[in-house]
Structure formats: C-alpha cells, structure tokens
Amino acid sequence: MAGFLPRFGPFGPLTPPAPFDEFGIKETRPRLAGRRAGGYDLVERMEYLYVRVVKARDLKWSGAFDPLAEVKLGSHTCTTRHIEKSTSPEWNDVFAFSRERIQATFLDVVVRGKGFAKDEFVGRHRFDLGDAPLRVPPDSALAPQWYHVLDKAGARAGEVMLAVWFGTQADECFPLAVHGDASIAVDAKLAAHIRCKQYTVPRLWYVRVNVIEARDVAFVDKARVGEVFVRSRIGGQVHRTKTCVSRLPSYGWNEDHLFVAAEPFEDHLVLSVEDRVKVDKEEIIGHVHIPFKEFERRWDTRPIRPRWFNLVRPEGAAKIEKFSTKICVRLCLEGGYRVLSEPVHYLSDVRPSARELWHSRPPIGLIELGIHSAFGLSSMRTRDGRGSCDAYCVAKYGVKWFRTQTVVDSLAPRFHQQCYWDVHDHCTVLTVAVFHNCQVGDKGGVVSGDPVKDVLLGKVRIRLSTLETGRIYTHSYPLVSLHGGGIKKMGELQLAVRFSSTSTLGLLQAYARPHLPPMHYHHPLPIVHQDALRREAVALIAHRLGRMDPPLRRECVDHLCEVHSHRWSMRRSKAHFFRIMAALAPLFATLRWFVDVCHWRNPPTTVAVHVIYAILVCCPNLILPTFFMYKFVLGLWSYRRRPRHPWHVDTKVSHAHAAHPDELDEEFDEFPTKRAPEVVRMRYDRIRSLGARIQEMVGDVASHAERARCAMTWRDPRATAMYLLACLFLAVTTFLAPFQAVALLTGFYVMRHPALRQRLPDVPTNFFRRLPCKVDCLL
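Rules behind the numbers
Residues numbered from 1 in each chain as written. Predicted model: local features only at pLDDT ≥ 70, side-chain atom pairs only at ≥ 80, totals over all residues. Heavy atoms only, no water. Helix = DSSP H or I, 4+ residues; strand = E, 2+ residues; numbered from the N terminus. Expected span 1.5 Å × (residues − 1). Buried < 20%, exposed > 50% of the residue type's maximum accessible area, 1.4 Å probe, protein only. Contact = heavy atoms within 4.5 Å. Salt bridge = Lys/Arg side-chain N within 4 Å of Asp/Glu carboxyl O. Arc of directions from axis to C-beta. Disulfide = S-S within 2.5 Å. UniProt positions renumbered as here; feature names shortened; annotations may be inferred. 1 Å grid on protein atoms, 1.4 Å probe; cavity = no way out; pocket = protein on both sides within 12 Å on 5 of 7 lines; lining within 4 Å. Points joined across faces, edges and corners; volume = space filled by probe spheres on them. Nonpolar A, V, L, I, M, F, W, Y, C, P; charged D, E, K, R; others polar. Polar contact = N/O pair within 3.5 Å; in protein donor to acceptor, adjacent residues only side chain to side chain. Axes fitted to C-alpha atoms, helices over the stretch in contact; angles between N-to-C directions. Parallel < 35°, antiparallel > 145°, perpendicular 65-115°, else oblique. Pairing = 2+ DSSP bridges. Left-handed = near helix turned anticlockwise from the far one by under 90°.

**A short note on helix H5 (residues 527-546)**
Next up, step 1: Compared with the 28 Å implied by 1.5 Å per residue over 20 residues, the 29 Å span of H5 between its first and last C-alpha is a close match.
Next up, step 2: Listed in full, the buried residues belonging to H5 are Leu533, Arg534, Ala537, Val538, Leu540, Ile541, Ala542, Arg544 and Leu545.
Next up, step 3: Tucked inside the fold, the buried residues of H5 contact strand S12 (197-200), strand S13 (204-215), strand S15 (237-240), strand S17 (251-262), strand S27 (400-403) and helix H6 (554-560).

**Points about the pattern of salt bridges**
Next up, step 1: Evaluation of the coordinates by the stated rule reveals 45 salt bridges.
Next up, step 2: Between Asp41 and Arg498 there is a salt bridge, and its shortest N-O distance comes to 2.6 Å. Here the residue Asp41 occupies a position in the loop between helix H1 (32-38) and strand S3 (47-57), and Arg498 occupies one in strand S34 (residues 486-501), the gap between them amounting to 457 residues.
Next up, step 3: Given a relative accessible area of 37%, Asp41 falls into the partly exposed group.
Next up, step 4: Residue Arg498 is classed as buried on the basis of its relative accessible area, which comes to 1%.
Next up, step 5: A salt bridge links Glu227 to Arg276, with the shortest nitrogen-to-oxygen separation between them at 3.2 Å. You can see Glu227 sitting in strand S14 (residues 226-234) and its partner Arg276 sitting in strand S18 (residues 269-278), a full 49 residues away along the chain.
Next up, step 6: The structure contains a network of salt bridges with shared partners spanning Arg381, Arg383, Arg386, Asp390 and Asp409.

**Describing helix H9 (residues 603-618)**
The α-helix advances 3.6 residues per turn, and as a result positions three or four apart in sequence lie on the same side.
Next up, step 1: Helix length check: H9 (16 residues) gives 23 Å between terminal C-alpha atoms against 22 Å at 1.5 Å per residue, within 8%.
Next up, step 2: Within H9, burial applies to Thr606, Val609, His610 and Val617. Burial along H9 is one-sided: seen end-on, the buried residues are contained in an arc of 105°.
Next up, step 3: Residues of H9 that are buried in the fold lie against helix H8 (585-598) and helix H14 (739-750).

**A look at the state of the cysteines**
Next up, step 1: Tallied over the entire structure, the rule returns zero disulfides.
Next up, step 2: Free cysteine: Cys244, not disulfide-bonded; nearest cysteine sulfur from Cys328 at 14 Å.

**So, the environment of Asp119**
Next up, step 1: Within the secondary structure, Asp119 is located in the loop between strand S7 (106-113) and strand S8 (123-128).
Next up, step 2: Its relative accessible area of 54% is what places Asp119 among the exposed residues.
Next up, step 3: Each C-alpha atom, one on Asp119 and one on Val207, is 62 Å from the other, the two residues being 88 residues apart in sequence.
Next up, step 4: Leaving out residues up to four positions away in the same chain, Asp119 has contacts with Arg112 and Lys152.

**Considering the UniProt feature "transmembrane region" (unreviewed entry) in the protein**
Next up, step 1: Those residues carrying the UniProt feature "transmembrane region" (unreviewed entry) are residues 577-595, 607-634 and 722-751 in this numbering.
Next up, step 2: From the first C-alpha to the last, residues 607-634 spans 23 Å; its make-up is 86% helix and 0% strand.
Next up, step 3: The straight-line gap between the two end C-alpha atoms of residues 722-751 is 27 Å; of that span, 90% is helix and 0% is strand.

**Observations concerning empty space enclosed by the protein**
Next up, step 1: Throughout the structure, instances matching the rule amount to one cavity of 30 Å³ or more.
Next up, step 2: Counted as a void, the largest cavity has a volume near 40 Å³.
Next up, step 3: Along its surface, the largest cavity is lined by 10 residues, and His193, Arg403, Gln439, Pro551 and Arg553 are the ones closest to its centre.
Next up, step 4: When grouped by side-chain class, the residues that make up the lining of the largest cavity number four nonpolar, three polar and three charged.

**Some details on the layout of surface pockets**
Next up, step 1: Considered as a void within the structure, the second largest pocket measures approximately 620 Å³ in volume.
Next up, step 2: Within the residue set of the lining of the second largest pocket, elements represented by two or more residues are H8, H9 and helix H10 (623-639).
Next up, step 3: Element by element, the count of residues in the lining of the second largest pocket is highest for H10, at six residues.
Next up, step 4: Across the lining of the second largest pocket, the residue classes tally to 10 nonpolar, two polar and one charged.

**Considering the side chain of Ser353**
Next up, step 1: Within the element layout of this structure, Ser353 appears in the loop between strand S22 (326-334) and strand S23 (365-375).
Next up, step 2: Accessibility expressed as a relative area gives 3% for Ser353, which makes it buried.
Next up, step 3: In this structure the side chain of Ser353 is engaged in a polar contact, spanning 2.6 Å, whose partner is the backbone oxygen of Leu204.
Next up, step 4: Once residues lying within four places of it in the same chain are set aside, the contact partners of Ser353 are Arg203, Leu204, Trp205, Glu334, Gly335, Tyr337, Val339 and Trp358.

**Side note on the packing of helix H7 (residues 570-583) against H8**
Next up, step 1: For the pair H7 and H8, the least separation of the axes is 4 Å and the interaxial angle reads 45°. Looking at the two axes, H7 sits oblique to H8. When H7 is examined against H8, the residues Met581, Ala582 and Ala583 are found in contact with a partner set consisting of Ala585, Pro586 and Phe588.

**Here we look at the sheet that holds S34**
Next up, step 1: The strand order across the open sheet built from four strands is S28-S23-S34-S33, with neighbouring strands paired in antiparallel fashion. Of all strands in the sheet, those with a lone pairing partner are strand S28 (414-423) and strand S33 (472-483), marking the two edges. Neighbour-to-neighbour, the strand axes of the sheet open up by a mean angle of 25°, direction not taken into account.
Next up, step 2: The pairing of S33 with S34 spans 12 bridges and is antiparallel. By the bridge assignment for S34, Thr474 is matched with Ala496.

**Side note on the packing of H9 against H14**
Next up, step 1: Look at H9 against H14: their axes get within 9 Å of each other, and the N-to-C directions meet at 160°. By the angle class used here, H9 and H14 are roughly antiparallel. Between H9 and H14 lies a crossing of right-handed hand. Listed contacts from H14 to His610, Tyr613, Ala614, Val617 and Cys618 of H9 are Gln740, Ala743, Leu744, Gly747 and Phe748.

Written out as structure tokens, the structure is:
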C-alpha cells in the first residue's frame, strides 16, 4: 500500500518523510449514509469462515457429564464454554477462521464433556466446507439447522445446531466471534479477553454542593463550645468544610464542594455534621443521605434555592433529648459544563453534560478510521522459544471507544477494522493506542497473585482540523514507547483516516464559537479543583468500562485519558522550552535581519528598506494594506509546501532522544516517591538549581516592569523630573513638526550607518537601567 512513512530509527526518522499517495480519490460530496450502512471501504476485505454453535439436544452418554463443543479445522482447535450436567446445553458461541489460513476441506464439530480423555467424545459431525454459503451484509442472518452427531461406533448420539458460512469483517457476528486460528488453543475464558468490542462512555456531570449553615446543633455536653465542620461524600469522593467555632447552636460555612457523577446515578450524597473533640478525635453529630433525584439540574447561572434537611443521629451515639439539627445546602447537577476527563489540548468531545444544550452544536461531519495492521512489533513474550506479541488497538473519540480483536501470537497483526464517529467540533483529537494483551497467557494474566497490566506499545493522535475534507489519508505511524530506560520503537501502525463534512457553513462557523461550553467562561472552575475533578472523572470512566464484558482495563483508560500528563517531568519541561524557541524562531530571525539592516551588512538591502520605509511614512494609508498583502502572498507561497500527512509522535519534539536516564527515572517514579533518600536529595538539589535560574529570570522581568512604573512615581525625584521634562519637550516638538518628518528621522536614526554608531549603550537605555525597582525591599 502506497503512502507510508519511511522507516524510523530509535531516535526519529532516518530520512525526511516523503509525501504519500492518496488511498482514495478526493470526493466533493461524501455520501455519509452509504458509508454508515455499507461499509468497509477504508480497509481491505478480509474473508472468514464463521461457525456458530448454538445448542445440542438428546445427547447420549452413560452417566452425568458437563457438555462442551469443540470445533476443529485442520490444526486449529477452539472450544465453547461447558454447561454443567445437561443433555440439552445451549452455548450460542461464534468462531471465526481466516480464509487465507484454511488448509483443510472439512470442519469437525465434536461434542464432549469437560475432563474427557483426548480420544473420548459423545458425538462428532463433519461439515464439508464446499457446502458453506457466502454471506455479505446486508443479507439476512443465516438460519442455523440441526445436524446429527455420531459416536465412535457410528450410531446417532444426539443433535447439534450449527450455522456455517463464509463472510467478511463487516458481518455482525465478527465482534462476538472468537478467532480460532490462533497458534494457541482458544477456550471460553480466553475468548472473553480477545473479542472486538465497542464501549460507550457514561455521561458525566459535575455535582455542586453548597454547604450554607447548620442550626440547632446539640452536644451531649451542653456547656461545650463546638468546633463543627461538614463532611460530604459521594462514593469515594470526600470533601470537608473549614472548622467553625461558635457558642451559638448555629454554624455557617457557605463553601462549595464539587464532585463528579456518572449516569445512571448509583451513589448518593452523604452529608455529616461532625465535631472536632480533640486533635485526633472527631464525632459525628448527625448525617443525612440525599439521592440524586433531589438535585436540581441547571445549565446556566440561575440561582439554586437552598433546602433544609433534618439530620439523623448515628447508631450507637449518646442520646440527646430534642435532637432537631438541620443543615441548609444548595444542590445542583451542573449540565452546562463539559466534564474534562482528558487534557484540554487532547479533547475529543466538547459538548456539555445536558442534552438540552446539544442542539447548539449539531454534527458538522463524520470521521472514519480504518485500522489496517501493525508490523515490526517488539516481542513481548516468548512462546516455544520464539518472540511473540498479542496486540490489540483501542480508538477513542467522544463517548464511543472501539477495541479491535486481539491477534494472538503475531508480530505483524492484521486488524482491518473500520469505525466512525459523528463530529460536533473538528478542533478535536482522535486517539488510537496499541496494547499488548497480558491476559492471554498460561497464568491467565495473574503473576504471584497480582493481576498483570496490559503494556502500551504506542499511541497515535490525529487532530481533525488538520485533515482535508473528503480526502483519505493512509499512513504508517511509528509506535514509540518511553520508559525509564529510554525510548524504544515498538513497531508501526497502519491507519486510514477520512474526515467528511456534512455542512461547510457549520464547519466554518465552528471557528467563531468558544471551544468549551459557555459555563466554562461565565462561571469558571478553580484551577486547583480541575486536576482533582479530572482524576475522579477518569476513575469513574475506568470503573464503568471495567464492568463491561470484556472489561476495558484501567491502564488502558489511564493511557488514553493522559492521566499522568500533569506530573513533573524535566524532559517535558525542556520540550516545552524548545517548543517556545521554535515557535519564536521567525521573530528572532526577523530581529536578526533588522539588526543586519541597521548595521549595513548588505548595503543594497538596507537602501531598499530606507526607500520602502520612506514611502510608507509619506503615505501612511499604505501601511496596513501592505502588511496584509504581504501576509496573503506569504501564505500562498507556503501552500506548495503544505503538510501532506497528519502529525505523528516525534521524539525530537518530545525531547526524548536527549533525555538523561535519571530524568526518565524521575518522570516514571510514583507519587510519593519510592527512591532512595540520596537519589531524592540529588533530584531535589537539581530542582533547586533549576528553580534558582528561573527565579533570577523572573526577577529581572519584574525589575524591568517596576522601573517602567517608577519613572512616573517620583521614587527617584531627579529621574522623574528629567523624564517629565523630556516628555514635555517631545510633546512640543511632535506638535510643531510634521509627523512624517519625525517618523523619517527616527527610522533613519535607528538604521544609521555603523560609522555613526558607538559601542556604548545609548542615553535612553542608560537612563532606564538607572531607575529604581523594588528589589531593595526584598529580604
């Protein structure tokens, strides 16, 4: 397939990326409905032999047994789950065999019992593959039928219901099918971890609890001065107010507590009023459980009415006569916010929580992703003395996450899966990650009693706004892994991406709208709360997706949501610094060019600049048109060098190729640290040294800003008097002299010949540097 990136070395591309071929012709009017119904036009057509084992009946065997069905095709064998002690079991399992790997002409379905010897079985049926029909969606599903199974003597031992057909990956049974042509035996337990699935992320809400006051707070000791606070809890999220000390039975706080909740709401809010009896002892005065149906929903800034709730004494607490403590709170579900479960620069969906607001952002397009294959994957385990890898991909965009099947025991897996999403804002990011499935193994994903985490092989991010409408991008993206030992190329992932627009006007109007819902600007959330809320949102998503079958593991959710992006990293700090330098490189180049002009290093260029400057000063109405025309021509000139493919992970931009091993070890260290004290001391001293340099730079900037302000504050009376006299002189001069003459003299003075210059700083610079600043006030 044409259009792939060149091979990558361990530290980046060995050769400059070459432009690629388009996998498809640019379409002016994409037919989205046809794509949704039909197909798989971004990936190759893969043919499979599907075997659906539905059930069996009237099985004959002497004694009780746990029946299961075994499907054999040449050297490949896979089994259904077993049904305990039944002669009419129902399995309804589907198996798929890649047609290019089929070397047999017959398919054997063997019914046997769990724990039977290798040569023992209840009955067997042989199916001729030449009789298997071909089915292509949208054809109706093939109806299964009963077949007789024969025992060793050739006598009938019951019946089994089967359906056997040839189909493609577009078949609706493909996500449920167990790929039986793997090199290892596939059973029902293993099948749960390798199936292809689509996951729907639950709708998240911000929960705001405004704790106002509590009244009629009573203590066992009536003479006690209470130190009262309120603790609020939703699931594992806990907040508490400040401690309020009062001799009155009323206590006030007026504090906001923010939580994250997911639909359907399973938890409830628990409010408890507690007394701080001692430094290390707290007693619950009363508590109340409030279900989410009691919460108001809002998606604007309208006020929420306060409500009073009666508290209940906890069981086992000392009895208080006439206990009538009440708490006043405001409760609401904030539907006007977008719950941020990922960094803002990696957002894949910007719609608010409330569906009532979704009409303001209708779909403006469709993004289609074809996951072709991966090749050159690193060996992650050893089977039969050779390297092996069990890879699968997870694609994340919006509320729909797609997981491909796990290709067992292959360093060049072929997925050929296609998925699509509605796009409501094209300034979003599609993320595709490749993982090694550690649940496929001899120990079932458990080592020494602890579960084994799936290993990230690499990630690809595609920003939709960088894609042309209707064009198919086919590319081979490098999979780069960063760990404490450095960076390593884990292979390459072959993708095809197409972004289709349903409304060109809506696409252009999106650039004028705010990126986030209006509530983020009308009532912004505190920065200190955003990181904690994002961690809770990721935990909720991981919890809900972990309850699906098969579960999407927590480590996959963490990697896709970039849960560790906020951690301190010397490498990432350097990368951001070099990004700033690269972004400002044109400005620095322009300043260097202007310095060369002022020093007459190229006399013809300097003379031309003098002439153009004189023309613009004499005709000031040409300044803005000239500037914008220059930008227009420069943009047209850059069109021929426009990017031909989406961005991919770059080790140089990430500053991973030059990162010190100790910096990488620090980046992957857990919080709190588990390193030796001497290592922590060394790293702390290094951060102090870096902080000192940053501190000095910030201090210099502050000094310059303070000097600019002190010129008018009479802190230095002589300097301020001289500055005011200079301002008066310039005011009179610029009033009497023509503007063009002043501008020409100023410009020609700045660009004067080197023979008229001196090495010492000029008078304004000397004057500015002598102004006072507040550095004298520092301790």
